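Take a look at the letters that make up each chain.
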Amino acid sequence: MPAAKIKDHAVDSAIRLPVEGMSCASCVGRVERALRGVEGVDAVSVNLATGYADVRASGAVDRAALVQAVTAAGYGVPATATELAIEGMTCASCVGRVEQALKAVPGVTGASVNLATERASVRGVAEVAALVAAIARAGYRAHPVGIDAERGGEADERRDAERRALKRDVILAAALALPVFLLEMGSHLIPGVHHLIARTIGVQTSWHIQFVLTTLVLAGPGLRFFRSGIPALVRLAPDMNALVSVGTLAAYAYSLVATFAPHLLPAGTVNVYYEAAAVIVALILFGRYLEARAKGRTSAAIERLIGLQPRTARVRRAGALVEVPVGAVGAGDIVDVRPGERIPVDGELVEGGSFVDESMITGEPIPVAKAVGNALIGGTVNQQGAFAFRATAVGEATMLAQIIRMVEQAQGAKLPIQALVDRVTMRFVPAVFAVAALTFAVWLWVGPSPSLTFALVNAVAVLIIACPCAMGLATPTAIVVGTGRGAELGILFRKGEALQLLRDAAVVAVDKTGTLTEGRPALTDFRVTDGFDRARVLARIAAVEAKSEHPIARAIVDAARAEGLDLPAVVDFESITGFGVKADVEGEAIHIGADRYMRELGLDVAAFAAVAEQMGQEGKSPLYAAIGGRLAAVVAVADPIKPTTPAAIATLHRLGLRVAVLTGDNRRTADAIARRIGIDTVVAELLPADKVEAIRRLKAAHGRVAFVGDGINDAPALAEADVGIAVGTGTDVAIEAADVVLMSGHLGGVATAIALSRATIRNIRQNLFWAFAYNIALIPVAAGILYPLWGILLSPVFAAGAMAMSSVFVLGNALRLRRFGPPEAAMPAGQDAAGEAA
């Protein structure tokens, strides 16, 4: 539809536009003058604080003209994302036509329509009313997705109502079509039935009964096909409904002539095909019903996520505890939670303590201890203990709402592999009509007698067997199920295309601190010499280090407090530059520092030579402590490797991936860690800006690179990589720059994400192969290509059954992804790199 023909006739008299780039009152004036110059505008009010322009018009105003006026004045109108629920789409051709209609609306910069989720994601500055009107002109129905209504009960009720209606129509169509089938086809199943009918009710009466029953099928359950299919034909935009409509109407019309005006047909061609029309409708409705049920299961992950949020919360207000809807909880409210209840919104614990099951967010089954000051996530389950917390994020700002939004965006995305499918399917239905017409003409011209009958039956079979549904569902259903399963495993695909890109990754590059390691220094080694008590020495060393702000000092203090040690009083603390620290504790001198400090004090560290060498091989720098002039202990502080890291690296290797570490640490420390956990490539002593160049070198050497990071300094590298993977425990900046987010916070999720990506893309390819191979193989069979060799023709009834089952096969194959498991559990240690989780 040409863009010039589409005007925003449905725009209300009040229009609100966001405006970017205003910084002062002069900007406000310029924007107001520019908007007032648009024809039809009566009044304009621009608010600098809110960044919005409110326009009042006397009639219809082209919204694109308003946007152009703002742009011409030197300011911008930011594109917004609009989600629309689409009703009436049945196949890939429908998807293409809705997308074309949306892209033709002035102000739309991009549109993506998903058949599996029945959603359209539109970017641009177009008014919602204009989008809905464009979809209506294309022959479909649309409405904006409300945050609560569409995600919650309203959408479920609409889908349930559709399934109930389909079930009712299937039962009615089957009940009416069965007698028609038995009357006409009984003789082919049971010898003598034809003669029995002729002797009793008579052939003509049989045809009249079939006519009545078939008419009821087409005018009742089958009416849905004609309501959509005939208007689509009139618009010269045929879809699957048009194929069914033309096929069944052709069989029905021919049968009508044979029944009531047989003299109009050539001799030998008088026959009826009521059973084809009636049974085709019944079978296709049955396929649609199975398809609707399967579609409901594809979005089960989203439904489970939505169901995690409680409906109500107990809030302290005016000195009393009040139960309110969760939507009424405001930031700053104090909320009470009892044992076994779900936490309604995000917050910070202010009273009490408990263990909280956060597996729905992180995928980790072990409950997390919560004390005053700890963060709480809405939707997680309080295991034991009552507590109160202050709400910090409510509504769409909660982590659960953001997760749902991420998953929905990924499910609505189109992968690069879909581009070819879209080009083919837009031309598929017209091509099928052309093949059907050619089939009819060839059979009528060269077919055996009665050629008209052969021509009609085979043309109808071609129309009925073609299945654009399977093509349209092949990719989106796998994406919906795959990303939903990922969310259940704590893996969020922020961008749907990351599913395809991640599959082809050759190298996984990881930041060391916070990704391979815990991200904070900790006491890893502590040995004392004979004659010293370990706890007493640690308490004294920690007491001295408590006077220092160095991260190593804090790690020693934290270790002592974790063991419940009381720190004694310290006097005469002194820091000696380049050597260490000293102080007096309980009347004894304490010295802590490197080996050179001990030698300066005249102490021999040879007793710890073997221990120090082992620490050096592990990339740790030993510190020594002397008490009362005697060597007392050797200490090492390091950023410990996460317990899950070695297994995760091994799993990545089993998947055939190369693992590289990018770190700002010194080469010795990085090499030591790499040796311990099996890293293939080490790039050390990097500044944040150097990581981008390091990723470029890895790309040039090995191919596609997935980078895993968690800090602000990782954001450029995450953006540079083919796929950026952020650890969910990291910073918001890193998460925003990433394509995939691991909520679990450990590297094992990377292997799971890659295995899931491979399984999903493999599933998509299986679906596409089936959808295309099915049509390429069976359309010629339906046209009668096997008849000259073996005398085989395909009945329209069997064609309808095959078509219905084609979509069900694709959906069923996609649903297998719901059984996907992490590769650590699915893959034995000896499996080769080609093995993939199914």
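Residues numbered from 1 in each chain as written. Predicted model: local features only at pLDDT ≥ 70, side-chain atom pairs only at ≥ 80, totals over all residues. Heavy atoms only, no water.

An unreviewed UniProt entry annotates the protein as P-type Cu(+) transporter of Sphingopyxis granuli. In the Subcellular location (unreviewed entry) part of its UniProt record, the protein is described as follows: "Cell membrane". One UniProt comment on the protein, placed under Sequence similarities (unreviewed entry), says "Belongs to the cation transport ATPase (P-type) (TC 3.A.3) family. Type IB subfamily." (UniProt positions renumbered as here; feature names shortened; annotations may be inferred.)

Enquirer: When you look at the overall build of the protein in this model, what are you seeing that I'm missing?
Expert: For the protein, the count of helices and strands is 31 helices and 29 strands. Seen through its C-alpha atoms, the protein measures out along the principal axes to roughly 125 × 70 × 60 Å. Each of the 838 residues in the protein was classed as buried or not, and the buried ones make up 52%. For the protein, the share of sequence-separated contacts (at least 6 apart) that also reach a separation of at least 24 residues comes to 69%. Summing over all exposed atoms, the protein offers an accessible surface of approximately 35800 Å²; the carbon and sulfur share of this is 57%. (Helix = DSSP H or I, 4+ residues; strand = E, 2+ residues; numbered from the N terminus. Buried < 20%, exposed > 50% of the residue type's maximum accessible area, 1.4 Å probe, protein only. Contact = heavy atoms within 4.5 Å. Areas by Shrake-Rupley, 256 points an atom, 1.4 Å probe, with all protein chains shown as cover.)

Enquirer: Explain the sheet that holds strand β15 (residues 381–384) to me, please; I cannot follow it from the model alone.
Expert: Sheet strands pair by backbone hydrogen bonding; their relative direction is either parallel or antiparallel. Pairing is antiparallel across the open sheet formed by 3 strands, whose spatial order is β13-β12-β15. Edge strands, defined here as strands with exactly one partner in the open sheet, are β13 (368–370) and β15. The average undirected angle you get between the axes of adjacent strands in this sheet is 40 degrees. Inspection of the sheet shows strand β12 (residues 354–357) paired to β15 by 3 bridges, in the antiparallel sense. Note that in β15 the partner of Phe355 across the bridge is Gln384. (Pairing = 2+ DSSP bridges. Axes fitted to C-alpha atoms, helices over the stretch in contact; angles between N-to-C directions.)

Enquirer: Quick question: what am I supposed to make of the environment of Leu601 here?
Expert: For Leu601, the location among the structural elements is in the loop between α21 (595–600) and α22 (609–617). Expressed as a C-alpha distance, the spacing of Leu601 and Lys691, which sit 90 residues apart in the sequence, is 42 Å.

Enquirer: Can you walk me through the UniProt feature "transmembrane region" (unreviewed entry) in the protein in this structure?
Expert: The sites that carry the UniProt feature "transmembrane region" (unreviewed entry) are, in the present numbering, residues 170–190, 196–219, 240–260, 272–290, 428–446, 452–475, 768–790 and 796–815. In this annotation, residues 240–260 is assigned 100% helix and 0% strand; the end-to-end C-alpha distance for the span is 30 Å. Between the first and last C-alpha atoms of residues 768–790 the distance is 30 Å; the span itself is 87% helix and 0% strand.

Enquirer: How do you make sense of the confidence of the model for the protein when you look at a structure like this?
Expert: Should pLDDT be low for a region, the predicted coordinates there are not to be read in detail. Taken as a whole, the protein shows an average pLDDT of 83; of its residues, 90% reach a score of 70 or greater. Ranking the elements of the protein by mean pLDDT puts helix α31 (residues 823–826) last, at 59, and strand β10 (residues 334–337) first, at 94. Low confidence marks residues 147–152, where pLDDT is under 50. Its contacts with residues over four positions away, or in another chain, come to 15 contacts. (pLDDT = per-residue confidence, 0-100.)

Enquirer: Help me understand unusual backbone geometry in this model?
Expert: Generally, phi is negative for residues other than glycine and the peptide bonds are trans, each holding for most cases. Here Ser449 and Pro450 are connected by a cis peptide whose omega angle stands at -5 degrees. Non-glycine residue Leu236 carries a positive phi angle of around 60 degrees. Here Leu236 shows up in the loop between α8 (223–234) and α9 (240–260). Overall, Leu236 belongs to the exposed group, its relative accessible area being 75%. The residue Ala318 is not glycine, and still its phi comes out positive at about 55 degrees. Relative to the assigned elements, Ala318 resides in the loop between β8 (312–317) and β9 (320–325).

Enquirer: Can you help me understand the packing of aromatic side chains in this one?
Expert: Both the distance between ring centres and the angle between the ring planes are used here to describe each pair of aromatic rings. Throughout the structure, instances matching the rule amount to 12 aromatic pairs. With centroids separated by 5.5 Å and ring planes inclined at 15 degrees, the aromatic side chains of Trp443 and Phe454 adopt a geometry described as stacked. With Trp443 in helix α14 (residues 418–446) and Phe454 in helix α15 (residues 451–465), the pair connects residues that are 11 residues apart, well separated along the chain. Ring pairs connect the aromatic residues Phe211, Tyr252, Phe260 and Tyr274, which therefore count as one cluster. (Phe/Tyr/Trp six-rings, centres within 6.5 Å; stacked < 30°, edge-to-face > 60°.)

Enquirer: So what exactly am I meant to see when it comes to the nonpolar core here?
Expert: Burial of nonpolar side chains together is a common tendency in soluble globular proteins. Formed by 147 residues in total, the largest nonpolar core has its most connected members in Leu102 and Phe493. If we ignore the near neighbours within four places in the chain, the residues touching Phe493 are Met406, Ala410, Thr483, Ala498, Leu499, Leu502, Asp739, Val740, Ala753 and Leu756. The next biggest cluster of nonpolar side chains, apart from the first, holds 26 residues, and it includes Phe526, Ala543, Leu623 and Ala633. (Core = buried A, V, L, I, M, F, W, Y, C linked by side-chain atoms within 4.5 Å.)

Enquirer: What is the right way to read the sheet that holds strand β18 (residues 507–511) from this model?
Expert: Read across the sheet, 7 strands follow the order β17-β29-β28-β27-β18-β25-β26 without closing on themselves; strand pairing throughout is mixed. Looking along the sheet, the strands with just one partner apiece sit at the ends: β17 (491–493) and β26 (681–683). Pairwise comparison of adjacent strand axes, ignoring direction, gives a mean angle of 20 degrees for this sheet. Sheet analysis places β18 next to strand β25 (residues 658–662), joined by 5 bridges and oriented parallel. Paired with Asp511 across the two strands is Leu662, which belongs to β25.

Enquirer: I would appreciate a short explanation of α9 in the present structure.
Expert: Residue pairs three or four apart in sequence face the same way in an α-helix, which turns once every 3.6 residues. Taking 1.5 Å as the rise per residue, α9 with 21 residues should run 30 Å; its terminal C-alpha atoms sit 30 Å apart, in good agreement. N-cap assignment for α9: the residue whose side-chain oxygen lies 3.1 Å from the backbone N of Asn241 is Asp239. (Expected span 1.5 Å × (residues − 1). Polar contact = N/O pair within 3.5 Å; in protein donor to acceptor, adjacent residues only side chain to side chain.)

Enquirer: Help me understand the environment of Glu693, please; the structure alone is not making it clear to me.
Expert: With respect to the element layout, Glu693 can be found in helix α25 (residues 688–702). In sequence terms Glu693 and Pro476 are 217 residues apart; their C-alpha atoms lie 35 Å from each other.

Enquirer: Teacher, can you tell me more about a nonpolar patch on the surface here?
Expert: A surface patch of nonpolar side chains, about 480 Å² in accessible area, is lined by Leu438, Val442, Trp445 and Val446. Tracing the sequence through the fold places Val442 in helix α14. Given a relative accessible area of 38%, Val442 falls into the partly exposed group. (Patch = residues over 30% accessible without salt bridge, like charges linked within 9 Å, V, L, I, M, F, W, Y side chains within 5 Å. Salt bridge = Lys/Arg side-chain N within 4 Å of Asp/Glu carboxyl O.)

Enquirer: How do you make sense of the UniProt feature "domain: HMA" (unreviewed entry) in the protein when you look at a structure like this?
Expert: Here the UniProt feature "domain: HMA" (unreviewed entry) sits at residues 13–78 and 80–143. A helix fraction of 34% and a strand fraction of 38% characterise residues 80–143, whose end C-alpha atoms lie 16 Å from each other.

Enquirer: When you look at the packing of helix α7 (residues 203–219) against α9 in this model, what are you seeing that I'm missing?
Expert: A packed helix pair is summarised by two numbers, namely the angle formed by the two axes and the spacing between the axes. Remark: α7 packs on α9, axes separated minimally by 11 Å, with the N-to-C direction vectors making an angle of 150 degrees. Accordingly, the angle class assigned to the pair α7 and α9 is roughly antiparallel. Judged by the sense of rotation from one axis to the other, the crossing of α7 with α9 is left-handed. On α9, the residues that touch Gln204, Trp207, His208, Phe211, Thr214, Thr215 and Leu218 of α7 are Thr248, Tyr252, Leu256, Ala258, Thr259 and Phe260. (Parallel < 35°, antiparallel > 145°, perpendicular 65-115°, else oblique. Left-handed = near helix turned anticlockwise from the far one by under 90°.)

Enquirer: What should I look at first to understand the pairing of β9 in this one?
Expert: In the case of a regular strand, side chains alternate between the two sheet surfaces. Direction of pairing for β8 relative to β9: antiparallel, over a ladder of 6 bridges. Looking at β9, one finds that Thr312 is bridged to Pro325. The hairpin formed by β8 and β9 contains 2 residues between the paired strands, and Ala318 there has a positive phi angle of roughly 55 degrees.

Enquirer: Got a minute to help me understand the packing of α15 against helix α30 (residues 796–815) in this structure?
Expert: Orientation of α15 relative to α30, taken along the N-to-C sense of each, is 5 degrees, at an axis distance of 8 Å. Comparing their axes, α30 and α15 come out roughly parallel. Residues Val457, Val460, Ala461, Ile464 and Ile465 of α15 form the contact with α30, whose participating residues are Pro796, Ala799, Ala800 and Met803. Residues of the contact of α15 with α30, tallied by class, amount to 9 nonpolar, no polar and no charged. (Nonpolar A, V, L, I, M, F, W, Y, C, P; charged D, E, K, R; others polar.)

Enquirer: Would you mind showing me how to read the pattern of salt bridges here?
Expert: Pairs can form between side chains of opposite charge whenever their charged atoms are close. This model, assessed by the stated rule, comprises 25 salt bridges. Of the charged contacts in the structure, one is a salt bridge between Arg141 and Glu87, with a shortest N-O distance of 3.5 Å. Taken together, the positions of Arg141 in strand β7 (residues 141–144) and Glu87 in strand β4 (residues 80–87) put the pair 54 residues apart, joining distant regions of the chain. Here Glu87 falls in the partly exposed class, since its relative accessible area comes to 22%. Of the charged contacts in the structure, one is a salt bridge between Glu162 and Arg224, with a shortest N-O distance of 3.3 Å. With Glu162 in helix α5 (residues 153–189) and Arg224 in helix α8, this pair connects stretches of sequence that are 62 residues apart. A cluster of three or more residues bridged by salt bridges with shared partners is formed by Glu162, Arg168, Asp169 and Arg224.

Enquirer: How should I be thinking about helix α28 (residues 748–783) in this particular structure?
Expert: Here α28 is 36 residues long and its end C-alpha atoms lie 53 Å apart, about the 52 Å a rise of 1.5 Å per residue gives. Backbone geometry just downstream of α28 places Gly784 in the positive-phi region, at approximately 100 degrees.

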